[in-house]
Amino acid sequence: MKIVDARKLPCPQPLLLLKKALEEGEKELEVIVDREDALQNVLRFSSSKGAFTTWSKEGEDYHIKIESKGEVCEVVLEEEMVKIFISSDRIGKGNDDLGLLLMKSFLNTLPEGRVLPAKILLMNTGILLACNEDTSLSLKKLEEKGVEVLVCGTCLKFFDKEKELKVGKVSNMFEISENLLVGSVLTL
Amino acid sequence: MGPQDLGEVLQKLHIPHNPKILANWEGWEDATLYQLGSGLMMVQTVDIITPVVDDPYDFGQIVAANAISDIYTMGCLPELALNIVGFPCSKLPLDILSSILKGGQDKAEEAGVEIAGGHTVEDEELKYGMVVTGFGNKDSLWRIKGAEDGDVLILTKPLGTGIIATTLKAEMASKEAVEKITKSMKKLNNLPLIIRDRDFRIHACTDVTGFGLAVHALGMVDGSKLGIKIEVEKIPVFEEVLRYMSEGLMPAGAYRNEKWASGKVEVKKDGFDPIILFDPQTSGGLLIAVPLPEGERLLEIIKRNGFEEAEIIGSFIKDAEEKIVFI
């Protein structure tokens, strides 16, 4: 583990040393600072980079351990994150009951995973997932983790489900088609 | 210095009584008020800073605008100034100092101020400041205290100069961000001139500088049994600031200010990082308390005079605890 001794350095020097070490490819670092403002700034910086951070006070110094892009925390840039297009309330064709079960389990598992999608786009019977009790709970969990859920407004009207929508933002064909054309999209 | 350290030092000093002095360093006032007789007031202030931007001419202008601001906050007009300079002769070419002083002089001239002299010392780190003297009328002074229940609070410049200047030191600031704060810091807070012939009842006025918005706002309610309710979304902030802030590019002063004000500042807005409220500003905007019916009209005039981002950010309310509440 590389140790960055940033004691006695005024802000923003500790951050610069940390940034430099990260740019040089260091994955595990310990930063030592001797002031609270430097500690706060290092914590802000590492959390903005999605790194796993712990710290402790030893005497007059603060020791901050940072694990960047390691096992503990996968950092994926927004542009690299995938969008999921769901146009049915079930996965696959064949047995409908199995399809429903698979979709429910897929949405239930998604929030627990290390890699999250950037957005979930719901169309046709897919919009029912944002209206049903159980699947909407899973979608809510995803929303809390920063995943944007876009729900087709025309579809809501068609199925007369406007009043039953429990999660997500009502969207239109313009926004959804733009999302389908930019970046990578996974279709379920 | 942070408010905590400063308070501790000043506490130990004896303040002699002089009936001619209406305001001294007690009570958060921005400048000293000295009665010259028949209602004429002399107002004096001193301010010195280390460089916040790289361009020496810009820095000089910022120093002047920053120092002169304290005269304007009292509702007075500045007339005279003296330079104070700390310069590392062995490290920097003298041309730089010439450009800095030229900037100071040009800005002072814009404000109608004559720089009549000054003093220099050799210093490890570059510093430039000014002693500014202005004059006003006893009946038309603006003080930091005097706001009334129901008054609205106007802030005339966006927040974030401290954060962007820190980001600049880290060589991580965008060119646009630096240009924006430079323009803002160079701008004179010349409200007394802007509303000279107009009939506004300015109940209280101060400027946002080193202690940050929240602490300067506290100065306005200290001892008044009033509090201020401020709407976070109304506060003008330089666009890039939130990103730099989340990356930890905060000046140390912000944490000192936050620590000092804890207990007197309440943040009720979810998902909002309050540290911006404590960002030390250089040549920050004015905080103006004005009766509600005059608020929009005054804001309009302020905006028209080049402070496009000025906003009514909150209002004064009855509060025995004299807190600043951010909603």
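Right, let's walk through the structure included here. (Residues numbered from 1 in each chain as written. Chains lettered and ligands numbered in written order. Predicted model: local features only at pLDDT ≥ 70, side-chain atom pairs only at ≥ 80, totals over all residues.)

## Structural notes on the sheet that holds strand β3 (residues 52-58) of chain A
All names here are of chain A.
Inference 1: Across the sheet, which stays open at both edges, the 4 strands sit in the order β1-β2-β4-β3 with mixed pairing between neighbours. Bordering the open sheet on either side are β1 (2-5) and β3, each of which pairs with just one other strand. Strand-to-strand, the axes of this sheet are offset by a mean angle of 20 degrees, without reference to chain direction.
Inference 2: Pairing of β1 with strand β2 (residues 28-33), which is carried by 4 bridges, proceeds in the parallel orientation. (Pairing = 2+ DSSP bridges. Helix = DSSP H or I, 4+ residues; strand = E, 2+ residues; numbered from the N terminus. Axes fitted to C-alpha atoms, helices over the stretch in contact; angles between N-to-C directions.)

## Here's the deal with the environment of Cys155(A)
Residue and element names in this part refer to chain A.
Inference 1: Topologically, Cys155 is positioned in helix α5 (residues 153-158).
Inference 2: As for Cys155 and Asn172, which are separated by 17 residues in sequence, their C-alpha atoms are 9.6 Å apart.
Inference 3: Ignoring sequence-local partners within four residues, the contact set of Cys155 consists of Met123, Asn124 and Ile127. (Contact = placed C-beta atoms within 7 Å.)

## A closer look at the interface of chain B and chain A
Inference 1: If you look at the interface, chain B gives 11 residues, while chain A gives 14 residues.
Inference 2: Residues belonging to the side of chain B that touches chain A are distributed by class as follows: 6 nonpolar, 3 polar and 2 charged. (Nonpolar A, V, L, I, M, F, W, Y, C, P; charged D, E, K, R; others polar.)

## A closer look at the sheet that holds strand β9 (residues 185-187) of chain A
All names here are of chain A.
Inference 1: Ordered by their spatial adjacency, 5 strands build an open sheet running β8-β7-β6-β5-β9, and the pairing between neighbours is parallel. The sheet is open, and its two edges are formed by β8 (169-171) and β9, each paired on a single side. Strand-to-strand twist of the sheet, defined as the mean angle between neighbouring strand axes without regard to direction, takes the value 25 degrees.
Inference 2: Across 3 bridges, strand β5 (residues 83-86) lies against β9 in parallel orientation. In the sheet register, Phe85 faces β9, and the bridge partner there is Thr187.

Purely geometric stuff here, so don't read any function into it on its own.
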